Amino acid sequence: MTQTAPTPSPEGVFRPLTIAVLGTGIMGSAMTRNLVRAGHGVRVWNRTHATASALAADGATVASTPTEAVAEADVVLTMLHDGPVTLEVMSHAAPGLRPGTMWVQSATVGLDLQPAIAALADDLGITLIDAPVLGTREPAELGTLTVLAAGPESVRADASSVFDAIAMRTFWVGDDAAAGAAQRLKLVTNAWVLAVNNATGEVISLAEGLGVAPELFLELIEDGPLDMGYLRAKAGLILEDRLDEASFGAATAAKDANLILAAAGLADVRLDGLEGARARLDRVVEEGHGDEDMAAAYRAS
């Protein structure tokens, strides 16, 4: 599929919007706080009500149902676990939606369910923006995520008012959300993230197994072409025994690995390294470490 080159987010005058955030986990909570700080009116809903309720102190209005959350909303932002949950929650929200509402779908849902999500938006008479984000807990809290977006030109000014509150950059990669251009780019990027995460855990495990201090390896490559910030971040969590400080959970990473491999299968592309990374993540999730950071794949060694 030929895709348009990324273009900067269109500049526009800020317009305060009423935004419903459905899904207030690690990412959704941080995004909510930044939307409130930017001056938007934000309503929140989460299946675990206490998670949403905590955001009342930040200025968000807490709703008890998805329908209540989206009532009178200009924008609905979904940051839920996966595609099936996203479809389920938006179907429950349907009675409260107004025709023309903008749906910013920010979860990584992969390619299989993108047509169903687009069809649901059409059935509900709302405008879909496919907008997965790059970044974990800290960038989400700082409002420095990167948004990968696809959607019509006609709504990009208002979409920019949302994205500017949560992100440092917005890449518009297409004007048809149903085509899944943003999801495709997110899967490619996440394949790199998972590869580095897996390699970090294996290298540290090998060093320990061979009696080499992992810190010596990190010192050796410091500031050279083999060094990188993401390696340092994940190695730090492992070596400092901080895997419980999840910036991106192992269970969610395993879900994304499955989405990437499913998409690769559709494209007849074989990803042996990612299959190994998925197997390692699956093992640590089965052992009860799914809520730890994805760097817990280290435990699989």
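Going by the structure above, here's the rest.
Everything in this summary refers to the structure shown in the same document.

A short note on the packing of helix 8 (residues 181-209) against helix 11 (residues 250-266)
Packed helix pairs are characterised by how far apart their axes lie and by the angle those axes make with each other. Where helix 8 meets helix 11, the axes come as close as 10 Å, and the angle between the chain directions of the two elements is 125°. Classified by the angle between their axes, helix 8 and helix 11 sit oblique to one another. Crossing handedness for the pair helix 8 and helix 11: left-handed. Taking contact as the criterion, the partners of Leu 187, Asn 190, Ala 191 and Leu 194 in helix 8 are, on helix 11, Ala 253, Asp 256, Ala 257, Leu 259, Ile 260 and Ala 263. When grouped by side-chain class, the residues that make up the contact of helix 8 with helix 11 number eight nonpolar, one polar and one charged.

Focus on the pairing of strand 9 (residues 145-150)
With six of its six residues buried, strand 9 lies for the most part within the structure. The alternating pattern of strand 9 places Leu 145, Val 147 and Ala 149 on one face and Thr 146, Leu 148 and Ala 150 on the opposite face, and all of these are buried. One ladder, built from two bridges, connects strand 8 (residues 133-134) with strand 9; its direction is antiparallel. When the sheet's bridge partners are listed, Val 133 is paired in strand 9 with Val 147. Note that strand 9 and strand 10 (residues 167-174) share six bridges and pair parallel. Paired with Leu 145 across the strands is Ala 167, a residue of strand 10. Note on the crossover from strand 9 through helix 7 (residues 156-166) to strand 10: the handedness is right-handed.

Some thoughts on the nonpolar core
The biggest cluster of nonpolar side chains holds 33 residues, and the ones touching the most others in it are Leu 35, Leu 77, Ile 129 and Phe 163. Looking at this core, the elements with two or more residues in it are strand 2 (18-22), helix 1 (26-37), strand 3 (41-45), strand 5 (75-78), strand 6 (102-105), strand 9, helix 7 and strand 10. Leave out the neighbours within four places in its chain, and Leu 77 touches Ile 19, Ala 20, Val 21, Leu 22, Met 31, Leu 35, Val 104, Ser 106 and Val 162. The next biggest cluster of nonpolar side chains, apart from the first, holds 25 residues, and it includes Val 70, Val 76, Ala 118 and Ala 177.

Brief notes about the side chain of Gln 105
When you line up the elements, Gln 105 lands in strand 6. According to the relative accessible area criterion, Gln 105 is buried, its value standing at 1%. Side chain to side chain, Gln 105 and Thr 78 meet in a polar contact 3.2 Å long. When neighbours within four sequence positions are excluded, Gln 105 is seen to be in contact with Thr 78, Thr 86, Ile 117, Leu 128, Ile 129, Asp 130, Ala 131, Pro 132 and Gln 183.

Section: the pattern of salt bridges
For the structure shown, the criterion picks out 14 salt bridges. The closest approach of N and O atoms between Asp 74 and Arg 98, which form a salt bridge, is 3.1 Å. Placement of Asp 74 in the loop between helix 3 (66-70) and strand 5 and of Arg 98 in the loop between helix 4 (83-93) and strand 6 is noted, with a sequence separation of 24 residues between them. Exposure remark for Asp 74: the relative accessible area of 24% places this residue in the partly exposed category. A salt bridge links Arg 232 to Asp 227, with the shortest nitrogen-to-oxygen separation between them at 2.9 Å. Connected through salt bridges with shared partners, the residues Glu 72, Asp 74 and Arg 98 form a single ionic network.

Conventions we followed
- Residues numbered from 1 in each chain as written.
- Predicted model: local features only at pLDDT ≥ 70, side-chain atom pairs only at ≥ 80, totals over all residues.
- Heavy atoms only, no water.
- Axes fitted to C-alpha atoms, helices over the stretch in contact; angles between N-to-C directions.
- Helix = DSSP H or I, 4+ residues; strand = E, 2+ residues; numbered from the N terminus.
- Parallel < 35°, antiparallel > 145°, perpendicular 65-115°, else oblique.
- Left-handed = near helix turned anticlockwise from the far one by under 90°.
- Contact = heavy atoms within 4.5 Å.
- Nonpolar A, V, L, I, M, F, W, Y, C, P; charged D, E, K, R; others polar.
- Buried < 20%, exposed > 50% of the residue type's maximum accessible area, 1.4 Å probe, protein only.
- Pairing = 2+ DSSP bridges.
- Right-handed = clockwise from strand over helix to strand, strands pointing away.
- Core = buried A, V, L, I, M, F, W, Y, C linked by side-chain atoms within 4.5 Å.
- Polar contact = N/O pair within 3.5 Å; in protein donor to acceptor, adjacent residues only side chain to side chain.
- Salt bridge = Lys/Arg side-chain N within 4 Å of Asp/Glu carboxyl O.

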